[in-house]
Amino acid sequence: MSLKTRLLGLAAALMIIASVASWLAYRELSEDIIERWGQQVAEIQVRYDSARLLQSLEREIGLARQMADSSTLVNWATSPEDKALQRDAIREMESFRSNFRDNSYFVALRDSRRYYYNNADNEFADDQFRYILDPDKPEDAWFFQLIEEGRNFHLNVNPDTELGVTKLWIDVLMRDEEDRIVGMVGTGLDLDAFLQDIVDIDQEGITTLFVDYNGAIQLYRDRNYIDFASIIKPEGQKSTVDLLFDNPEDKQKVLGMLQLLKNRGGTTGAVESSFVTVDGRKHLAGVAFLPAIGWFEITLLDLETLLPRSYLWPLVAVFLTSLLITLILFHLIIRSRILKPLVSLESAVEKVRGGSFALPHLEKPDNEIGRLASHFETMTDTLAHSTRELERKVAQRTDELNRLARIDALTGLKNRRGLDEALDEEIQRAKRQNNTGFGLIWLDIDHFKAINDELGHQAGDDILCRVALWLKAGVRPYDHPGRWGGDEFVVVLSPCDEDTLCQIAARIRETIERDSIRTGTPVTVSVGGYLCQPGDDVDTILRQADQALYRVKQQGRNKVLITDGSGQEINPA
Ligand SMILES: Nc1nc2c(ncn2[C@@H]2O[C@H](COP(=O)(O)OP(=O)(O)OP(=O)(O)O)[C@@H](O)[C@H]2O)c(=O)[nH]1
């Protein structure tokens, strides 16, 4: 697999790994962020909603307590038949009515079970006594239950069938100086208006509800879930907060949070929160206990609505785009800085390996690969130069060897191979030039063995060298003199005719005889010559010349004998 493919594969694998890792990290992180944010928001929201409820009820509760503490009312409650006290009490009650937000009040006396009420329309002016509370009537059970429990203060969401109103009732027990319960006073707030103010807040994704100490739903946007008159219902029949959750775990969680807050004894500001599922959607439930009224406030935050995960998608898109751009840039840089230079370097190496030093253009980035390419170029130049130099020397040496292979080492004349080639060339030339003639002289030193024997081998060599010089001097510059071997010499004469052949052969013989006398060692040579004929080959030519020489030796030596193709003497010496 090529490096390019590997790098591309690696980049793609890295991108996939990075994307998957980022996606997982994003999910974890976004969930974490949303949870943290949600918890903080839930706590703030719970406190805010609690504060709104308490703010709205505080004044009414305070007034109800004042009313319960009113000595006028307490005195009357202990002597309800006393008309004077009743008159004062009614006046007192009416004064409170104008102060209550709902402009309504109720007063219920324990012993007489008489129930007094007047509303904002002053509908029951001078007729505040409405009815007698009956312990056997379920709708009156709240009164007897509260007295039995002895709870000084209680909030109660209850429809009053007698009066035809459903209200959030603020019930406060009236006690005499001996702390005996003598009655109950309070006011009611219109439930619908109250729900609209406190619970039906127009904030998408936020649900607020209030439950009593036992978890029974008291204020909730869906009236069907409200546990009306929950005080008189036995446990198990109450419409409690766990009804809102489908998942048993969630039910336990929420009830557990209520219990936890109860155990803390109503620490102010304490908030518990946990994730729950409502209508198939994940919510964060925040719970706070409101010790002032003995209720819990529960806020459900629909996190997907409040902070949809899609909000973070642009972040993911930015990340993935940057990742993609980074990888593309990485790939481009790798390609231009590593791959392309490597590919050009590899093709250059291939060329050099194939014997060519003409390098293609090499990419040389400013890095190790660039320096490597530079070194390779320099190395190739040096190698090319050395190779050229070596080739030149080899050629020179080969020429020299070729020359030496054709030269006789002793005399410096052509040797037998050189003569063969010269003869061959002459035959070819003669053929090309319409058989223009050429000749061949073959000469042999007479009695050379005796010279060697008498004067020694070195002296024999000297004579061979001298004969070579005289021979050279006796021929034309373009003739080819050579030593055939031993004391035999051959001259190829070109071009040449009969006369020339005879003249040169005779001149050679005379020169050697004459000049050798001057050296103190006279030598003579026998010369055989042959005028070459059209169509003669090397063997024929040499044989003819040799035979002529042989005949000279037969005839007594130191002579010249030239023959033609028929074997006839041309110019007998
Ligand atoms: N000094 C010397 N002697 C050589 C060399 N090559 C051959 N010889 C001798 O040359 C002699 C040649 O003798 P031949 O040509 O057979 O006979 P010759 O004595 O010349 O007598 P003819 O040719 O019949 O006149 C031999 O004794 C060889 O040993 C050489 O390179 N140097």
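See the structure shown above.
Below or above, wherever it landed, is the structure these notes cover. (Residues numbered from 1 in each chain as written. Predicted model: local features only at pLDDT ≥ 70, side-chain atom pairs only at ≥ 80, totals over all residues.)

## As for the site of the ligand
Formally: We count a residue as near a molecule or strand when its backbone-placed C-beta atom lies within 6 Å of that partner. Each helix corresponds to a stretch of at least 4 residues labelled H or I by DSSP, and each strand to a stretch of at least 2 residues labelled E; elements are numbered beginning at the N terminus.
Every one of the 16 residues lining the ligand counts as a neighbour, but Asp446, Phe448, Lys449, Gly460 and Gly486 are closest to it. Among the elements of the structure, strand 12 (439-445), helix 11 (448-455) and helix 12 (457-474) are those that each provide at least two residues to the shell around the ligand.

## As for the sheet that holds strand 5 (residues 165-175)
Condition: Strand pairing follows a simple DSSP-based rule, namely that at least 2 bridges must link the two strands. Throughout, an axis means a line fitted to C-alpha atoms (over the contacting stretch in the case of helices), and angles, computed between N-to-C directions, take values from 0 to 180 degrees. Throughout, a pair of residues is in contact if the C-beta atoms placed from their backbones lie within 7 Å.
With antiparallel pairing, 6 strands are arranged side by side in an open sheet as 3-2-1-6-5-4. The open sheet has two free edges, formed respectively by strand 3 (129-132) and strand 4 (153-160), since each of these has just one partner strand. Averaged over all pairs of adjacent strands, the angle between their axes in this sheet comes to 25°, without regard to strand direction. As paired strands, strand 2 (residues 114-118) and strand 3 are joined by 3 bridges and run antiparallel to one another. Within strand 3, the residue paired with Tyr116 across the bridge is Phe129. Sitting on the sheet, helix 2 (residues 71-78) is in contact with strand 1 (105-109), strand 5 and strand 6 (181-190), with an inclination near 125° to strand 6. Sitting on the sheet, helix 3 (residues 83-99) is in contact with strand 1 and strand 2, with an inclination near 145° to strand 1.

## Some details on the nonpolar core
Our working rule: The term nonpolar core refers to a group of buried residues, namely Ala, Val, Leu, Ile, Met, Phe, Trp, Tyr and Cys, whose C-beta atoms join them within 7 Å. Residues are called buried when their C-beta atom has 20 or more other C-beta atoms within 10 Å, exposed when it has 12 or fewer, and partly exposed otherwise; all C-beta atoms are positioned from the backbone. Delimitation of the domains relies on an automatic or database domain assignment.
One finds Val107, Val185, Val211, Val287 and Phe296 to be the most contacted residues of the largest nonpolar core, which totals 78 residues. Top element by residues in this core is helix 1 (residues 3-69). It accounts for 10 residues. Domain assignment of the residues forming this core places at least three in each of domain 1 (70-193) and domain 2 (202-307). Here Val185 is in contact with Ala64, Met67, Ala68, Leu73, Tyr105, Phe106, Val107, Val172 and Met174, once residues within four sequence places are set aside. Judged by nonpolar contacts, the second largest core, of 44 residues, contains Phe438, Leu440, Ala505 and Tyr530.

## A short note on the sheet that holds strand 9 (residues 271-278)
Pairing within the open sheet is antiparallel, and its 5 strands lie in the order 8-7-11-10-9. The sheet is open, and its two edges are formed by strand 8 (217-219) and strand 9, each paired on a single side. Strand-to-strand twist across the sheet, computed as the mean angle between neighbouring axes with direction ignored, equals 35°. Across 8 bridges, the pairing between strand 10 (residues 281-290) and strand 11 (residues 295-302) is antiparallel. If you follow Val287 over to strand 11, its bridge partner there is Ile298. Packed onto the sheet, helix 6 (residues 248-263) meets strand 9, strand 10 and strand 11 and runs at close to 165° relative to strand 9.

The values are spatial; any link to function lies outside them.
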